Amino acid sequence: MADRPERPVIGITTQTLEAIPDQLPRCWVMSQRYVHVLVAAGAIPWVVPLLEHDEATLRGIYDALDGLFLPGGVDIDPAAYGETRSPTCGPTDPARDWTELTLTRWALADRKPVLAVCRGAQLLNVAIGGTLYQDLRAEHPDALKHDQFPTGGRRRDALSHEVRIVAGTRLGRLLETAVLPVNSMHHQGIARLAPGLTAVALATDGLIEGVEVDDDRFVLGVQWHPEDLVDVDPRMRRLFDAFIAAARAVRR
């Protein structure tokens, strides 16, 4: 492709879809929305399969990437952060956990840009040594209702609550606001913040809604779903544009 040198390759991880008898074998899937928004920002997307424990093949894919995007999805297995599974923990995907933790740790070590949303922000925290609330209602009883999932006609771009953005941070500079209304589709959240991460956005109940590394690498995670808000709040596009700009700089 003639324009490939100017377009960074961004890895987008997938999720396991279990076999549907007489219809589908076991599949890897991911929302097209992530791909379309990243392409609009200038990326060449690489949808990454979950090759659990096949480190050599995964490394071959990783080496071709200029940045890593961690999307939303199912719960992270509590074993990944040293805890016993609670009855309130939802479905998990061990192959996805292994793949994303491996890719994230490689990217952090190599200073490749990382953008993470919802589950992705939680995964980023776990990859560096943090922990999660397995269920906010059970473990953070004063929390807002964060599990505003698109059911009963509710739209994915419906705004659920506000977050306060910490001034002077990368996120603050990108969004140029102190308060931001966001959508919210999660029942887990960051509990103990990983060393090396800084909380850069907080919900009114104190839940961490945004994180970034405390150095100059582009490593940013948000708990909401900006890909569903780009058409109603242009500020959300800045997250993707800045991510692709950082990946383009690495490519050069």
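Below or above, wherever it landed, is the structure these notes cover.

### A short note on unusual backbone geometry
Piece 1. Here Asp-22, not a glycine, exhibits a phi torsion of approximately 65 degrees, which is positive.
Piece 2. Residue position: Asp-22 is located in the loop between β2 (15–17) and β3 (27–29).
Piece 3. The phi torsion at His-53 lies on the positive side, around 70 degrees, for a residue other than glycine.
Piece 4. Here His-53 is to be found in the loop between β4 (44–48) and α2 (55–63).
Piece 5. Taking the relative accessible area as the measure of exposure, His-53 reaches 57% and is therefore exposed.

### A look at the side chain of Gln-15
Piece 1. Tracing the chain through its elements places Gln-15 in strand β2.
Piece 2. Of the residues examined, Gln-15 reaches a relative accessible area of 17% and is grouped as buried.
Piece 3. Reaching out from Gln-15, the side chain makes a polar contact with the backbone nitrogen of Val-74 at a distance of 3.0 Å.
Piece 4. Within the structure, the side chain of Gln-15 is placed 2.5 Å from the side chain of Arg-96, a separation counted as a polar contact.

### Some points on the nonpolar core
Piece 1. Counting residues in hydrophobic clusters, the biggest one holds 32 residues, and the most contacted among them are Leu-38, Phe-69, Leu-171 and Trp-224.
Piece 2. When residues of this core are assigned to their parent elements, the largest contribution, seven residues, is made by helix α7 (residues 235–251).
Piece 3. Not counting chain neighbours up to four residues away, the residues in contact with Leu-38 comprise Ile-10, Ile-12, Ala-43, Phe-69, Phe-240, Phe-243 and Ile-244.
Piece 4. Listed in part, the 28 residues of the second largest apolar core include Val-48, Leu-58, Ile-61 and Val-211.

Parameters and conventions
- Residues numbered from 1 in each chain as written.
- Predicted model: local features only at pLDDT ≥ 70, side-chain atom pairs only at ≥ 80, totals over all residues.
- Heavy atoms only, no water.
- Helix = DSSP H or I, 4+ residues; strand = E, 2+ residues; numbered from the N terminus.
- Buried < 20%, exposed > 50% of the residue type's maximum accessible area, 1.4 Å probe, protein only.
- Polar contact = N/O pair within 3.5 Å; in protein donor to acceptor, adjacent residues only side chain to side chain.
- Core = buried A, V, L, I, M, F, W, Y, C linked by side-chain atoms within 4.5 Å.
- Contact = heavy atoms within 4.5 Å.

Keep in mind these numbers describe shape, not what the thing actually does.
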